[in-house]
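The chain contents come next:
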Amino acid sequence: MKNVFIMEHPLIQHKITRLRDKDTGTAEFRAIISEITMLMGYEALRDLELTDIEIETPLEKTMSPVIAGRKQVIVPILRAGLGMTDGLLKLLPTAKVGHIGMVRDEETHVARSYYCKLPGELDERVIIVTDPMLATGGSAIDAISFIKEKGGVKIKFMCIIAAPEGIEKLREAHPDVQIFVGHTDRQLNDNAYIQPGLGDAGDRIFGTV
Ligand code: PRP
Ligand code: URA
């Protein structure tokens with residue numbers, strides 16, 4: 001599928017197994033989310049543009065590449081997307097961080113927005129939207145629509161576990177967005193939870209179970 005990148009790396013698959021385990025506690029869960037995000041980020045940022053600058057090594061002057069352009073923006077979808085922010089900041093320490101609050105209605109499973117704060121000049125920046133879970137796709141689709149309304153153009157979405165339905169809906173709604181997925185699970189259940197999944201990602205990251 002064009003613009004959909006499923007991670008096959010054994011380290012990522014191993015760490016996702018630790019996340020799924022109901023006996024994995026909050027501290028380990030947070031640490032693993034961060035590690036997986038870094039591993040996925042390495043792949044998701046593969047196409048960042050470079051520009052050559054002149055530097056001086058202890059031996060001579062030389063031209064050498066650095067990341068080009070305006071600072072990137074990481075946009076976690078609150079709450080659970082926050083857990084992926086520090087992993088990406090380790091790769092992009094000067095990136096800006098925007099926030100979008102989305103919450104799913106427990107009965108209808110429809111997502112609604114409750115907060116949005118984004119940096120300026122979005123059209124000139126690479127934007128990485130994070131959320132560990134892509135279930136029906138509603139939260140990601142609406143969050144990305146907000147970002148586009150505010151001027152965002154170059155948008156990537158990173159999730160750790162996705163339902164096939166969610167990937168398809170997101171791809172249809174935003175065909176220009178690159179979607180990076182740690183693992184595609186089997187299906188959604190009647191409550192729109194991903195199976196086998198890992199449960200409620202926000203609750204497991206923030207210890208609110
Ligand atoms: C979870 C998850 C995603 C969303 C995915 O958030 O973190 O944002 O559900 O579901 P969807 O693809 O069907 O929209 P939730 O609404 O539970 O809020 P939380 O992060 O505050 O727990
Ligand atoms: N949100 C979660 O946190 N987990 C799911 O399985 C579905 C939506």
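What you see is a predicted model, and the numbers here were worked out from it, not measured in a lab. The residue count restarts for each chain, going from 1 along the sequence in the order it is written. Written order decides the labels, with chains lettered from A and ligands numbered from 1. With the structure being a predicted model, the display of local features is reserved for residues of pLDDT at least 70 and the display and counting of side-chain atom pairs for 80 or more, all residues being used for whole-chain, interface and lining totals. Only hydrogens and water are set aside when side-chain values are computed; all heavy atoms of the structure are taken into account.

A. Region of interest: the site of ligand 2. All residues in the neighbourhood of ligand 2 are listed as Arg104, Met133, Ala135, Ala192, Tyr193, Ile194, Gly199, Asp200 and Ala201. A distance of 2.8 Å separates an oxygen atom of ligand 2 from a polar atom in the backbone of Ile194. Two N or O atoms form a polar contact when they lie within 3.5 Å of each other; inside protein one atom must be a possible hydrogen donor and the other a possible acceptor, and for residues adjacent in sequence the pair counts only when both atoms belong to side chains. A distance of 2.8 Å separates an oxygen atom of ligand 2 from a polar atom in the backbone of Ala201. Isolated, ligand 2 exposes 240 Å² of accessible area, and the fraction of that covered by the protein chains is 89%. For cavity detection a 1 Å grid was placed over the protein atoms alone, and a set of points counts as a cavity when a 1.4 Å probe fits there but cannot get out; an open set counts as a pocket when protein lies on both sides within 12 Å along at least five of seven lines, with lining residues being those that have an atom within 4 Å of a point. Molecules are considered to sit inside a cavity or pocket once more than half of their atoms lie within 2 Å of its grid points. According to the grid-proximity analysis, the pocket containing ligand 2 is the largest pocket. Looking at the shell around ligand 2, its residues break down into six nonpolar, one polar and two charged. Near residues are defined by distance, with any heavy atom within 4 Å of the molecule or strand qualifying the residue. Here the Shrake-Rupley method, with its probe set to 1.4 Å, supplies the accessible areas, and only the displayed protein chains count as covering residues. Any residue that is not Ala, Val, Leu, Ile, Met, Phe, Trp, Tyr, Cys, Pro, Asp, Glu, Lys or Arg is counted as polar, Gly included; the first ten are nonpolar and the last four charged.

B. A look at the packing of helix H1 (residues 10-20) against helix H2 (residues 26-44). Two elements in contact, H1 and H2, have axes whose closest approach is 10 Å; the angle formed by their N-to-C orientations is 155 degrees. One way to sum up the angle between H1 and H2 is to call them roughly antiparallel. Viewed along their axes, H1 and H2 form a crossing whose handedness is left-handed. Residues Leu11, Ile12, Lys15, Ile16, Arg18 and Leu19 of H1 touch H2, and the partners they reach there are Glu28, Phe29, Ile32, Ile33, Glu35, Ile36, Leu39 and Met40. Of the residues in the contact of H1 with H2, the class split is ten nonpolar, no polar and four charged. Think of each axis as a best-fit line through the C-alpha atoms, taken over the contacting stretch in the case of a helix, with angles from 0 to 180 degrees between the N-to-C directions. By the criteria applied, helices consist of DSSP H or I runs no shorter than four residues and strands consist of E runs no shorter than two, each listed in order from the N terminus. Just so you know how the angles are binned, under 35 degrees is roughly parallel, over 145 roughly antiparallel, 65 to 115 roughly perpendicular, and the rest oblique. For a crossing to be left-handed, the near helix must be turned anticlockwise from the far one by less than a right angle; the clockwise case is right-handed. Contacts are residue-level and defined by heavy atoms, with any inter-residue pair within 4.5 Å sufficient.

C. Here's a closer look at the pairing of strand E10 (residues 154-162). Each residue gets one of three labels from its accessible area relative to the maximum for its type: buried under 20%, exposed over 50%, partly exposed in between, using a 1.4 Å probe on protein chains only. By the criterion of burial, E10 is predominantly enclosed, with eight of the nine residues buried. In this structure, strand E8 (residues 126-130) lies alongside E10, joined through five bridges in parallel fashion. Of the residues in E10, the one forming a bridge with Ile127 is Ile155. Chirality of the crossover, the property in question, places the unit of strand E9 (residues 133-134), helix H4 (residues 138-149) and E10 among those that are right-handed. Of the strand pairs in this sheet, E10 and strand E11 (residues 178-184) are connected by six bridges, and their pairing is parallel. Each bridged residue has a counterpart across the sheet, and for Lys156 the counterpart in E11 is Gln178. For the handedness criterion, the strands are oriented away from the viewer, and a crossover whose path from the first strand over the helix to the second runs clockwise is classed as right-handed. Viewed along the sheet, the connection from E10 through helix H5 (residues 164-173) into E11 turns out right-handed. Should DSSP find at least two bridges between two strands, the strands are regarded as paired.

D. Broad picture of the site of ligand 1. In the vicinity of ligand 1 there are 16 residues, among which Arg104, Asp131, Thr136, Gly137 and Ser139 approach most closely. Within the side chain of Arg79, one N or O atom sits 3.0 Å away from an oxygen atom of ligand 1. The contact in question runs from an oxygen atom of ligand 1 to an N or O atom on the side chain of Thr136, over 2.5 Å. Protein chains bury 92% of the 500 Å² of accessible surface belonging to ligand 1 in isolation. With respect to the pocket detection grid, ligand 1 is positioned in the largest pocket. Among the secondary structure elements, those contributing two or more residues to the shell around ligand 1 are strand E6 (99-104), E9 and H4. No other element matches the three residues that E6 contributes to the shell around ligand 1. Partitioned by chemical class, the residues of the shell around ligand 1 number seven nonpolar, five polar and four charged.

E. Examining H4 more closely. Working rule for helices: expected span equals 1.5 Å times residues minus one. Counted at 1.5 Å a residue, the expected span for H4 with its twelve residues is 16 Å, and the 16 Å between its end C-alpha atoms agrees. Considered for burial, the residues of H4 that qualify are Ser139, Ala140, Ile141, Ala143, Ile144 and Ile147. Looking at the residues trailing H4, positive phi occurs at Gly151, about 110 degrees.

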